[in-house]
Amino acid sequence: MIKKLVIIGAGPAGLPVASQIRKETKDVDITVITDRNYYSYSPCGIPFVVSGMIKSFDNLIMRGPKHYKDMNIDIITNTKAEHIDVQKQIVTTNKGDFNYDILVVATGVKPFVPNIKGIGLEGIYFMYTLEEAIEVERALKESNSIVIVGGGAIGLEMAYAFRKRNKDVIVIERNPHIMGSILDPDMASIVEEYLESNGVTIFKNTEVTAFEGEKGKVSKVVTTEGEIKTDMVLVSVGVRPNVQVAINSEIERGVTGGIITDACLRVRKNGKFISNVFACGNCVEVIDGVTFRPSLSFLGATAVRQALVVAENILGTNTVFTPIVSPGVSIIGELEIGAVGANSKRAIENGIIPKESRAYGLTRARYFPKGELITVKILVDKSYRLIGSQIISKEG
């Protein structure tokens, strides 16, 4: 009997599950449901399209509908999953019901929307999906001054991209330094100096209190340090697990807000793990490999690893997903920033007193021209267990 596999989400977790299952067997009916129009694209490339380095958003699309049609994978777009009945094995959507034998929840993340007066004005954008990026690109043509709320990796990558388009850019960060979730202050200062040398203005220790507009469109950002006139605002203050369908279906979530799973990535409801319902990707709570506490990992690499674990378990292999340290890289202009494990702030928050050391080197031999400086920071605990590292340089 051909089993029905339904996957909710067509991102870096959902689609790899579908593809891996299809590579191993033709005897499964695979349906992927997504509430988006675009899928199978690389969101990491969006800033490079905006900056002009990459010609078009079309270049970010890795595989088109024909690829999945040829693989006999049915992808249904613009369809929102609203409820899962684990007893009857039915997913209810805004376009009807889908029966399943095996279900995978891979709903990813959604941008965090802060409770700030005027947040709904026209000209304020939250850029995470390709659809949102296309809207930003359209608005950019009629904007000269842009305020970015949030000094995380995505916001700073976009700040540099906007400067490459000769826009006036101001970044507002509520904390004492930028990229605070992955970098220590001394390493963040390298990034700050680079952005400022490229014409980006950064306001730290500054909080947005309101957005004001004219004729329904944003024209001013009100902060604790004064008012800023602007044509456009990009709010980039982080993301949260997209777990509304899990909430509606009483699938359990952990202290981080992500979906709880067992080591094989099966979900839990009413205190029991469900043998035929899995979850993977950025919507899932994971165990941090440094603190060994529940955490979230909003990385495509994590999503793909989890997808392969889910696929193997669906195919009958008992495979587990182990604790992770979430290595990631951000590229801001010529600057490349890498981080893995915990930074000092997160270590201290988890009761670990870090010891640290910095080292410097060059990307090329000392006598070879055009070598760039590499700055490496290593963090260890009191037993000298490696708990984290940060590295910044140019030239790859």
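Before going into details, it helps to say that this report is about the structure given with it. Predicted, not measured: the structure shown is a model, and the values here were computed from it. (Residues numbered from 1 in each chain as written. Predicted model: local features only at pLDDT ≥ 70, side-chain atom pairs only at ≥ 80, totals over all residues. Heavy atoms only, no water.)

A look at the side chain of Ser-295
Part 1: Within the secondary structure, Ser-295 sits in strand β21 (residues 294-295).
Part 2: Classification of Ser-295 by relative accessible area gives buried; the value is 16%.
Part 3: For Ser-295, the contacting residues outside a window of four places in its chain are Thr-256, Val-284, Glu-285, Val-286 and Asp-288. (Helix = DSSP H or I, 4+ residues; strand = E, 2+ residues; numbered from the N terminus. Buried < 20%, exposed > 50% of the residue type's maximum accessible area, 1.4 Å probe, protein only. Contact = heavy atoms within 4.5 Å.)

Focus: the sheet that holds strand β25 (residues 373-380)
Part 1: The five strands are arranged β22-β23-β26-β25-β24 in an open sheet whose pairing can be described as antiparallel. For this open sheet the edge positions go to β22 (328-332) and β24 (355-362), each flanked by a neighbour on one side alone. Strand after strand, the sheet turns through a mean of 15° between neighbouring axes, direction not considered.
Part 2: In this fold helix α6 (residues 185-197) packs onto β22, β23 (335-341), β24, β25 and β26 (386-393), with an angle of close to 20° to the strand it touches most, β26. (Pairing = 2+ DSSP bridges. Axes fitted to C-alpha atoms, helices over the stretch in contact; angles between N-to-C directions.)

Focus on the pairing of strand β4 (residues 81-85)
Part 1: Taken together, the four bridges between β4 and strand β5 (residues 90-93) define a ladder with antiparallel strand orientation. Across the sheet, the residue bridging to Ile-84 is Val-91, located in β5.
Part 2: Where β4 hands over to β5, the hairpin turn is made up of four residues, of which Gln-89 adopts a positive phi near 60°.

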